[in-house]
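# Commentary on secondary and tertiary structure
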Amino acid sequence: MKDFYVPDGVEVKTAFERTTHLAVGAHQDDLEIFAYHGIAECYESQDAWFGGVTVTNGAGSARTGKYADFTDEEMQAKRVEEQREAAKIGKYSFQAQLAYPSSDLKSAEKSEAAISELEAYFRQCKADTVYLHNPADKHDTHISLLTCCVAALRRLPEDCRPKRVYGCEVWRDLDWLSDSSKVMLPVDKYPELAEKLIEVFDSQVAGGKDYVAATIGRRNANATYFDSHSIDQSTAYTVAIDMMPLLENPELSMDAFVGELIEAFKKDACDRLTRYQKA
Ligand SMILES: [Zn+2]
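Below or above, wherever it landed, is the structure these notes cover.

About the cut-offs
Residues numbered from 1 in each chain as written. Predicted model: local features only at pLDDT ≥ 70, side-chain atom pairs only at ≥ 80, totals over all residues. Heavy atoms only, no water. Buried < 20%, exposed > 50% of the residue type's maximum accessible area, 1.4 Å probe, protein only. Helix = DSSP H or I, 4+ residues; strand = E, 2+ residues; numbered from the N terminus. Pairing = 2+ DSSP bridges. Salt bridge = Lys/Arg side-chain N within 4 Å of Asp/Glu carboxyl O. Donors = N, O, S within 2.8 Å, 3.2 Å for Na, K, Ca; no water. Tetrahedral: all angles 85-135°; square planar, octahedral: opposite > 155°, others 65-115°. Phe/Tyr/Trp six-rings, centres within 6.5 Å; stacked < 30°, edge-to-face > 60°. Expected span 1.5 Å × (residues − 1). Arc of directions from axis to C-beta. Contact = heavy atoms within 4.5 Å. Right-handed = clockwise from strand over helix to strand, strands pointing away.

### Notes on the pairing of strand 2 (residues 21–25)
Of all five residues in strand 2, five are buried, a share of seventy percent or more. Residues His21, Ala23 and Gly25 of strand 2 are buried on one face, and the alternating residues Leu22 and Val24, pointing to the opposite face, are buried as well. As paired elements, strand 2 and strand 3 (residues 50–56) share five bridges and run parallel to each other. Each bridged residue has a counterpart across the sheet, and for Leu22 the counterpart in strand 3 is Gly51. As paired elements, strand 2 and strand 5 (residues 129–133) share three bridges and run parallel to each other. In the strand pairing of strand 5, Ala23 is matched with Tyr131.

As structure tokens, this is what we get:
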């Protein structure tokens, strides 16, 4: 079931129009993992607002521990409730949950409804900054949603297009990118909020997956391991891919786009080995 929530109760139109940072993720908890940069930029800001769009219904989630007796429907309802709670804690402008089965996003025909709906969100919000899954993610649902998002963004008239589109880390980090291809998004603001926003997804964490430690740890590792010589500017980063080339060149295929990034990585790793090769 679709769900729409405005934590401070303003009119829907206002909630869309004030949104400056918009994130579109597949599952409940994805936004808090990959778009914390946007959430923190808007938290306690007067003129910046974060909008969240969660696209799938969260079906098929593992049900273990205290959730072992839940039906799949009860678990979906629990996840919707947790996502609402995150929006409240993070003071989002709005949180939409579109409830598509992930199979719809993977299908060429059935994904059209999601693409049109996403296009409407992009048009109504006209956010300057957009956060998406990254195109080298290894989760099929994340990738199928990302292809829907790029299709929707490519339909926008010039004046509705975001200025920045970031592909961010969830299932596969982006440490492998060449440093020159990395967009480093500082995420060290409000560390307690960062933790709380992942802890709130109890149905995901309680099953034995420590997403809190993993997510916060990855952000810290990104800061420490980014450059061996310089002192850390920020103590935590999300690494992102600049996705704007896909909007600027509608002919550019997503696999060619990622292929180029992988080639750059291959060259960097292989060149270093060649340089120090021994007889
Ligand atoms: Zn996900």
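Structure shown, so let's carry the discussion forward.
### Describing the pattern of salt bridges
Enumeration according to the criterion identifies 16 salt bridges in this entry. Among the ionic pairs, Glu82 bridges to Lys78, the shortest N-O distance being 3.7 Å. Taken together, the residues Glu82 and Lys78, both in helix 4 (residues 72–89) and four residues apart, mark about one turn of the helix. No difference in accessibility class separates Glu82 from Lys78, as the two residues are buried. Note that Glu119 and Arg155 form a salt bridge whose closest N and O atoms lie 3.9 Å from each other. Here the residue Glu119 occupies a position in helix 6 (residues 111–125), and Arg155 occupies one in the loop between helix 7 (140–154) and strand 6 (164–168), the gap between them amounting to 36 residues. By relative accessible area, which is 36% here, Arg155 ends up partly exposed. When salt bridges that share partners are traced, they join Glu112, Glu119, Arg123 and Arg155 into one network.

### Section: the coordination of the zinc ion
At the metal site, the zinc ion is ligated by His27 (ND1), Asp30 (OD), Asp30 (OD) and His142 (NE2), and these contacts range over 2.1 to 2.5 Å. In this structure, the zinc ion is surrounded by four donor atoms whose angles at the metal cover 55 to 140°, and the resulting shape is irregular. In the primary sequence, the donor residues of the zinc ion line up as H-x2-D-x111-H. Remark: His142 occurs in helix 7 and Asp30 occurs in helix 2 (residues 30–34); sequence separation between them is 112 residues. Summarising the burial analysis for this pair, Asp30 and His142 share the class buried.

### Quick word on the packing of aromatic side chains
The full count for this structure, using the stated rule, is 11 aromatic pairs. Ring plane angle 75° and centroid distance 5.1 Å describe the contact between Tyr67 and Phe70, whose orientation is recorded as edge-to-face. For Tyr67, a relative accessible area of 6% puts it in the buried group. The exposure class of Phe70 is partly exposed, given its relative accessible area of 24%. Consider the rings of Phe94 and Tyr121, whose centres lie 6.1 Å apart with planes at 25°: the pair is stacked. Taken together, the positions of Phe94 in strand 4 (residues 94–100) and Tyr121 in helix 6 put the pair 27 residues apart, joining distant regions of the chain. Judged by its relative accessible area of 0%, Phe94 is buried. When its relative accessible area of 9% is taken as the criterion, Tyr121 is described as buried.

### Thoughts on helix 12 (residues 254–275)
For helix 12, spanning 22 residues, the distance from its first C-alpha to its last is 32 Å, which sits close to the expected 32 Å at 1.5 Å a residue. Taken together, the buried positions of helix 12 are Met254, Phe257, Val258 and Leu261. Taken end-on, helix 12 shows its buried residues confined to a sector of 100°, consistent with a single buried face. Among the exposed residues of helix 12, those oriented more than 90 degrees off its buried face are Asp255, Glu260, Lys267, Leu273, Thr274 and Arg275. On its buried side, helix 12 packs onto helix 7, strand 8 (237–242) and helix 11 (244–248).

### Notes on the environment of Glu192
You can see Glu192 is positioned in helix 8 (residues 191–199). We classify Glu192 as exposed; its relative accessible area is 68%. Considered as a pair, Glu192 and His37 are 155 residues apart in the sequence and their alpha carbons are 14 Å apart.

### Things to note about the pairing of strand 6
Within strand 6, four of the five residues are buried, leaving the element largely enclosed by the surrounding structure. With five bridges connecting them, strand 5 and strand 6 associate as parallel partners. Across the sheet, residue Val130 finds its bridge partner in strand 6, namely Val165. Viewed along the sheet, the connection from strand 5 through helix 7 into strand 6 turns out right-handed. Across three bridges, the pairing between strand 6 and strand 8 is antiparallel. Across the sheet, Tyr166 pairs through a bridge with Asp242, a residue of strand 8.

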